[in-house]
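Fold and contact review
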Amino acid sequence: KKGLDLEPIFYGGEQEFGKRPGTVNVPGAVGFAKAVQLSLPTDIEIMQRLRDRLANGILGQIPFTRMNGASDPEQRLCNNVNMSFEYLEADSLLQQLDNHHISVSTGSACESFSLKPSHVLQAIGLSPELSQGTLRFTLSKFTTAEEIDYTIASTAKIAEQLRKISVLSR
C-alpha cells in the first residue's frame, strides 16, 4: 500500500527495496510451479467428489449434524469438510476416530490448538457449544472411496455410541 512505511524485520541486504535481505528462492518457485502442474484438474475433481461423498454420507447417516461453510459446493475447498455434531464434544470424536486410524482436527484451521471456541465458527453463526462439537476432515489426491466409506461408517457408529452416553443429549 502506498504511503505505508514498513520497517524491515531482517537486515543485511537491499532486496525488495530494502525490505528484506537475500535472494529470491528460485528453486522453491520452480518446485511450486511443478507441484501445481502435477496437481491436475482431475485430482481436484476426484477430491471434490470424495468430499461430497463424505459430507453427504455423514449428513445422511448421523442426525443432528450440520455442514459448516459455503453452501455452494463450487465455493468450497475441494479437500475439506467441516462439520458440527450437536450433543457431542469434538475431542471425544477425535479420540475415537483416531482409535480407528482416522485423522481429523477439531474446530477451524486457525484455532485447532486452542481450547476456546473458534471465532471463525462463531462468526458464521455457530454457538460456542456447537463450535466445540466441530470436526474438520481433510482429503488428499491419494484418498480413496473405500477410505471415505470407512470414515462415514466409523463416524456414524462412534457418534451413536457417544450420544448414548452423553449427558448433553439427554
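All of the points below concern the structure found in this document. (Residues numbered from 1 in each chain as written. Predicted model: local features only at pLDDT ≥ 70, side-chain atom pairs only at ≥ 80, totals over all residues. Heavy atoms only, no water.)

**Notes on the nonpolar core**
Operational definition: By nonpolar core is meant a set of buried Ala, Val, Leu, Ile, Met, Phe, Trp, Tyr and Cys residues that side-chain atoms within 4.5 Å join together. Categorising residues by exposure relies on relative accessible area from a 1.4 Å probe, with only protein chains included: less than 20% of the type maximum marks a residue as buried, more than 50% marks it as exposed, and the intermediate range marks it as partly exposed. Strands are runs of DSSP state E lasting at least 2 residues, helices are runs of H or I lasting at least 4, and numbering of each runs from the N terminus. Note on contacts: a residue pair qualifies if any of its non-hydrogen atoms lie within 4.5 Å across the two residues.
Ranked by internal contacts, the top residues of the largest apolar core, which has 23 residues, are Leu54, Ile58, Phe85, Leu93, Leu97, Leu135 and Phe137. Ranked by residues supplied to this core, first place goes to helix H7 (residues 145–165) with six residues. In this structure Leu135 touches Val81, Asn82, Met83, Phe85, Ala90, Leu93, Leu94, Leu97, Val104, Ser105 and Thr106, once residues within four positions along its chain are discounted.

**Digging into the side chain of Asn82**
Where we set the bar: Polar contact is defined as a pair of N or O atoms within 3.5 Å, subject to the rule that within protein one atom must be able to donate a hydrogen and the other to accept it, and that residues adjacent in sequence are counted only when both atoms are side-chain atoms.
By the element assignment, Asn82 lies in strand S2 (residues 80–85). A distance of 2.8 Å separates the side chain of Asn82 from the side chain of Asn68, its partner in a polar contact.

**Concerning the pattern of salt bridges**
The cut-off we apply is this: Any carboxyl oxygen of Asp or Glu within 4 Å of a side-chain nitrogen of Lys or Arg constitutes a salt bridge here.
Tallied over the full model, the rule gives four salt bridges. For Asp149, the salt bridge is made with Arg53, and the minimal N-O distance between the two is 2.8 Å. Of this pair, Asp149 sits in helix H7 while Arg53 sits in helix H3 (residues 41–61), placing them 96 residues apart in sequence. Overall, Asp149 belongs to the partly exposed group, its relative accessible area being 33%.

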